[in-house]
Amino acid sequence: MTAYDVIVLAGGAAKRLGGADKPGLRVGGRALLDRVLSACADAAVTVVVGGRRATARPVVWTREVPEGGGPLAALGAGLRLTTAERVLVLSADLPFLGRGTVDALLTAAGEPGREGALCTDPDGRDQPLVAAYRAEPLRRELALIATEHGSLAGLPLRLLTAELDLARIDAGPDASFDCDTWDDIAAARARIREHGAVLDEWITSVKNELGIDLDVDTALLLDLARDAAHGVARPAAPLTTFLVGYAAARASAGAGPDEAAAAVAEAARKATDLALRWEAEAEASGGEAAGAEGSGGGTANGTAGGAGRDAGREGTGTP
């Protein structure tokens, strides 16, 4: 895919959050800003408009003029630091933005005749801060608005989107879900713990926390943990997966993410085969023991029992 730049708007007063540092609020153990940055990690240049803070990956920082001047002013400030033909524009409070939505926006923005693409929410409303724009018409319209109004400060985004030929992308309810209130934060934190999402969310959070850029086969590792727990002993599951990771790290030292993922798969396959051999061996041993007890053991008991009965007869004078 052609290179693109991204501008993340991370300013604003967060009045409905009582002035809290919204981009730094955590959902699933990760700051909202970091969650957004992870969805566009392959951008050529990432510009964040807002106060400087620690981030999960390097970014370029800038501020709108004047500070607090609103989204158009922030967009204008960020655009000055980009050079790509397409620019992804995102707010910093999108906890569920995914790579699929980013790809869909960039693809639609590159269609002939289009000047960009934006997401629509479930109610059909445009979301201009979940969007991708072609840089040239974006610069043109911002310049015209600034000339007409004297500056970009305090102006609404609809002045921009109304003048551009934009595709609309229905990316579902999650992509444009933003966190403006504490209720929104609570809802986001609850949603990631739902049964269908919690495992992927947790694995993603762990990889980000550890700085791992690795696409692992989660199902493969879960199957390994199951086989180790069932075929060996329950504590074997976490210990085995740890050893698989260690072995894969050694085998792929200095290699890229694809080679590392392949090393994990190979180590997991070997460990799974071993766990299944253990299980089969245990089952075979149990069957052999049961067979021995049912044949040889039964004869011995029968003999002893018969001798006992005969002795009893002899002792009582029974012929």
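Here's what I pulled together on the structure shown here. Predicted model only: the values in this text are computed from it and were never measured.

Turning our eyes to something else, we now look at the packing of aromatic side chains. For the structure on display, the rule yields one aromatic pair. Ring centres of F96 and F177 lie 5.7 Å apart, and the angle between their planes is 55°; this geometry places the pair in the tilted category. In this pair, F96 is assigned in the loop between β6 (86-91) and α3 (99-109) and F177 in the loop between α6 (172-175) and α7 (182-191), connecting sequence segments 81 residues apart. In terms of burial, F96 and F177 fall into one category: buried. Looking at R191, its charged tip hangs above the ring of F177, at a distance of 4.6 Å from the centre.

For β6, a buried count of six out of six residues is recorded, marking the element as mostly surrounded by other parts of the structure. Side chains of β6 alternate between two faces, with R86, L88 and L90 and V87, V89 and S91 buried alike. Bridging between strand β1 (residues 5-9) and β6 involves five bridges; their strand directions are parallel. Bridge pairing links I7 to V89 in β6.

Ranked by internal contacts, the top residues of the largest apolar core, which has 29 residues, are L88 and L90. Where this core is concerned, the elements lending two or more residues are β1, α1 (32-39), β6, α3, β7 (116-120), β8 (126-134) and β9 (166-170). Examining the composition of this core, we find that five residues originate from one element, α3, more than from any other. Each residue touching L88, except ones within four places of it in the same chain, is listed here: Y4, D5, V6, I7, C40, V102, L105, A131 and A132.

Parameters at a glance
Residues numbered from 1 in each chain as written. Predicted model: local features only at pLDDT ≥ 70, side-chain atom pairs only at ≥ 80, totals over all residues. Heavy atoms only, no water. Phe/Tyr/Trp six-rings, centres within 6.5 Å; stacked < 30°, edge-to-face > 60°. Helix = DSSP H or I, 4+ residues; strand = E, 2+ residues; numbered from the N terminus. Buried < 20%, exposed > 50% of the residue type's maximum accessible area, 1.4 Å probe, protein only. Lys NZ or Arg CZ within 6 Å of the ring centre and 35° of its normal. Pairing = 2+ DSSP bridges. Core = buried A, V, L, I, M, F, W, Y, C linked by side-chain atoms within 4.5 Å. Contact = heavy atoms within 4.5 Å.

Everything listed here is a matter of coordinates, which is why it stays silent on function.
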